[in-house]
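Survey of secondary and tertiary structure
Read off the chains here:
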Amino acid sequence: MSAPTGLILSAPSSGSGKTTLTLGLLRALSRRGVDVSGAKSGPDYIDPRFHAAACGRECPNLDAWAMGPARLHDLARSGAELLLIEGAMGLFDGAPPEGRGATADLARTFGLPVVLVVDCARLAHSVAPLVNGFAQHDPDVRVAGVILNHVGSPRHEAMLRASLQDSLIPVLGAVYRHSGLEHPSRHLGLVQAEEHPDLQAYLDRVADVVEAAIDLDALVALAGYTTDAPGAATRVTPPGQRIAVASDKAFAFAYPHILSDWRAAGAEVLPFSPLADQAPAPDADFIFLPGGYPELHAGKLAAAETFKQGMQTATCPIYGECGGYMTLGRAITDKNGERHEMLGLLGLETSFAQRKLHLGYRALHAAEGPFAGHWNAHEFHYATTLLAEGAPLFDATDAEGRALAPMGLIDGTVSGSFAHLIDRA
């Protein structure tokens, strides 16, 4: 598959409006007939679903901490002519201690130009030193354009443009503050695309704003070609031939590249919905419960007798990640303090009544289980572990190489952990 042209949409910091503008650009360019696809920097499950809805193409995660250059290049070859990569956090923000995995690493890996989205709500003439500082910070990261976001008025826009008139960085547009364009959020990020009450109309509204405010022709003209791939990418071996994968609003956080790897190796992926009280395929030889929001649907899952019986009588290996891991346990206590019985396949109880943030990249090693070996992974949840009885699954270190407590549990053919596996280490 040939290398696409591409751009990276980044910002000085989180909260600058990257996601909204990326969705608007994807939809606006698609409406113009541009063959465009999106990609997301880092371990994000929510934004890629919105990207896919905006342009009609699957959105891969490009994780410069967890993935090697060959894997990144392989995933960037989406088949589209133009790849628009949405960055995470600020352009140079990554994992401690040196910022590895930042969006800037993708710019260096691919050799692609960066368009900087600047939140101008509290900026005027200071925009010039901000933009010029980012442009000059690293000669291997080329800032090729800037979008002024959250502009308050024509007078405000004039001040911003005047400040940047001597800069070598072109202003591609000024997007004014608009009510109703931000989509709702919860503790793990945006509400899922499937839950948005009027997603297509929302995407069209954002595209209308973006098309009126940004010079799309100038933006597309800045796109560069990705550099050549450095060798062949290593894919994840499927854990079975017929893999039953829970897939609904409670279990939506499966990485597309993992499922694609399994299919490319000849495995069948068999979706089923626990929320619809569906059991996994009886002839499956592996069952996977991805992460998601089981705590928001704990009562419904507790009452899903067909699902529970199918899981409890399965004889094949079972694996759960994060929300799936909690569902394999004995009970989940929701934010209101109500306890809901889960599958009881692991000696685990978790609670959201007292939330605690667990966040960061993880380097894992399992001596046994369906994913034995070394893995790069990510942990992000607010669950408190009330009980964890049994043998741990993974030895773990954080992004700085510091030893962490062992992660997960394994009991016979059932295993899981809070970590989301991203790629082989």
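Computed from a prediction, not measured in an experiment: that's the story for all the values here.

1. Brief notes about the overall build of the chain
- Within the chain, the regular secondary structure consists of 12 helices and 25 strands.
- Its C-alpha radius of gyration of 22 Å places the chain within 12% of the 22 Å reference for a compact globule of 425 residues.
- Once local pairs closer than 6 in sequence are excluded, the contacts in the chain between residues at least 24 apart make up 73%.
- For the chain, the accessible surface area stands at approximately 17,000 Å², while carbon and sulfur atoms represent 50% of it.
- Of the charged side chains in the chain, 32 are positive and 47 negative; the average position of the first set lies 4 Å away from that of the second.

2. A closer look at helix H3 (residues 69-76)
- With six of its eight residues buried, H3 lies for the most part within the structure.
- Within the span of H3, buried status applies to Ala70, Arg71, Leu72, His73, Leu75 and Ala76.
- As for H3, its buried residues are in contact with strand E3 (61-62), strand E4 (82-86), helix H4 (103-110), helix H9 (256-264) and strand E25 (420-424).

3. Quick notes on the environment of Ala66
- Residue position: Ala66 is located in the loop between E3 and H3.
- Residue Ala66 is classed as buried on the basis of its relative accessible area of 3%.
- Once the C-alpha coordinates of Ala66 and Ile422 are considered, the two residues, 356 residues apart in sequence, prove to be 6.5 Å apart.
- In contact with Ala66, not counting residues within four places along its chain, are Asn376, Ile422 and Asp423.

4. Looking at the pattern of salt bridges
- On inspection of all chains with the given rule, the structure shows 23 salt bridges.
- For Asp204, the salt bridge identified is with Arg27, shortest N-O distance 2.9 Å. A residue pair is termed long-range when its members are at least 10 positions apart, and Asp204 in helix H7 (residues 199-213) and Arg27 in helix H1 (residues 18-31) qualify at 177 residues.
- Assessed through its relative accessible area of 9%, Arg27 is described here as buried.
- With a closest N to O distance of 3.0 Å, Arg235 and Asp261 form a salt bridge. With Arg235 in the loop between strand E10 (224-225) and strand E11 (242-246) and Asp261 in helix H9, this pair connects stretches of sequence that are 26 residues apart.

5. Description of the packing of H1 against helix H2 (residues 47-55)
- Where H1 contacts H2, the axes come no closer than 8 Å and their chain directions differ by 20 degrees. Taken together, the axes of H1 and H2 lie roughly parallel to each other. Crossing hand, H1 versus H2: right-handed. Between H1 and H2, the residues in contact are Thr19, Thr22, Leu23, Leu26, Arg27 and Ser30 and Asp47, Phe50, His51, Ala53, Ala54 and Cys55, respectively.

6. Some points on the sheet that holds strand E20 (residues 384-389)
- Read from one edge to the other, the open sheet built from four strands follows the order E16-E15-E17-E20, with strand pairing classed as mixed. This sheet does not close on itself; its edge strands, each paired only once, are strand E16 (339-341) and E20. In this sheet, neighbouring strand axes are inclined to one another by 15 degrees on average, regardless of whether the strands run parallel or antiparallel.
- In terms of strand pairing, strand E15 (residues 331-333) meets strand E17 (residues 347-351) through three bridges, oriented parallel. Pairing of Ala331 across the sheet is with Glu349, part of E17.

7. What about the sheet that holds strand E19 (residues 373-381)?
- Strand order in the open sheet formed by five strands is E22-E21-E18-E19-E25, and the pairing between neighbours is antiparallel. Lying at the two open borders of the sheet, with one neighbouring strand each, are strand E22 (403-407) and E25. For this sheet, the mean inter-axis angle between neighbouring strands, taken without regard to orientation, is 30 degrees.

8. Examining the packing of aromatic side chains
- The full count for this structure, using the stated rule, is 13 aromatic pairs.
- Here Phe380 and Tyr382 contribute two aromatic rings whose centre-to-centre distance is 6.2 Å and whose plane-to-plane angle is 45 degrees, an arrangement assigned as tilted.
- Overall, the relative accessible area of 25% leaves Phe380 in the partly exposed class.
- Put simply, the rings of Trp262, Phe286, Phe288, Tyr319, Phe371 and Trp375 touch in pairs and so form one group of aromatic residues.
- Positioned over the ring face of Tyr382 is Arg355, at 4.3 Å from the centre of the ring.

9. Remarks on empty space enclosed by the protein
- For the coordinates displayed, the defined rule picks out two cavities of 30 Å³ or more.
- In this structure, the largest cavity encloses a volume near 90 Å³.
- Along the walls of the largest cavity sit Val236, Phe253, Ala254, Tyr255, Ile258, Trp262, Phe288, Glu321, Phe371, Trp375 and Leu421, which together make up its complete lining.
- Looking at side-chain class alone, the lining of the largest cavity contains 10 nonpolar, no polar and one charged residues.

10. A word on the packing of H1 against H7
- Contact pair H1 / H7: the axes reach a minimum separation of 7 Å and the direction vectors enclose 90 degrees. In terms of orientation, H1 and H7 fall into the roughly perpendicular class. On H7, the residues touching Thr20, Leu21, Leu23, Gly24, Leu25, Arg27, Ala28 and Arg31 of H1 are Gln200, Tyr202, Leu203, Asp204, Val206, Ala207, Asp208, Val210 and Glu211.
- Its residues assigned to classes, the contact of H1 with H7 shows nine nonpolar, three polar and five charged.

How each quantity is defined
- Residues numbered from 1 in each chain as written.
- Predicted model: local features only at pLDDT ≥ 70, side-chain atom pairs only at ≥ 80, totals over all residues.
- Heavy atoms only, no water.
- Helix = DSSP H or I, 4+ residues; strand = E, 2+ residues; numbered from the N terminus.
- Rg over C-alpha atoms; globule rule 2.2 N^0.38 Å.
- Contact = heavy atoms within 4.5 Å.
- Areas by Shrake-Rupley, 256 points an atom, 1.4 Å probe, with all protein chains shown as cover.
- Lys, Arg positive; Asp, Glu negative; His and termini not counted.
- Charge placed at Lys NZ, Arg CZ, Asp CG, Glu CD.
- Buried < 20%, exposed > 50% of the residue type's maximum accessible area, 1.4 Å probe, protein only.
- Salt bridge = Lys/Arg side-chain N within 4 Å of Asp/Glu carboxyl O.
- Axes fitted to C-alpha atoms, helices over the stretch in contact; angles between N-to-C directions.
- Parallel < 35°, antiparallel > 145°, perpendicular 65-115°, else oblique.
- Left-handed = near helix turned anticlockwise from the far one by under 90°.
- Pairing = 2+ DSSP bridges.
- Phe/Tyr/Trp six-rings, centres within 6.5 Å; stacked < 30°, edge-to-face > 60°.
- Lys NZ or Arg CZ within 6 Å of the ring centre and 35° of its normal.
- 1 Å grid on protein atoms, 1.4 Å probe; cavity = no way out; pocket = protein on both sides within 12 Å on 5 of 7 lines; lining within 4 Å.
- Points joined across faces, edges and corners; volume = space filled by probe spheres on them.
- Nonpolar A, V, L, I, M, F, W, Y, C, P; charged D, E, K, R; others polar.

That's the geometry; what it means functionally is another story.
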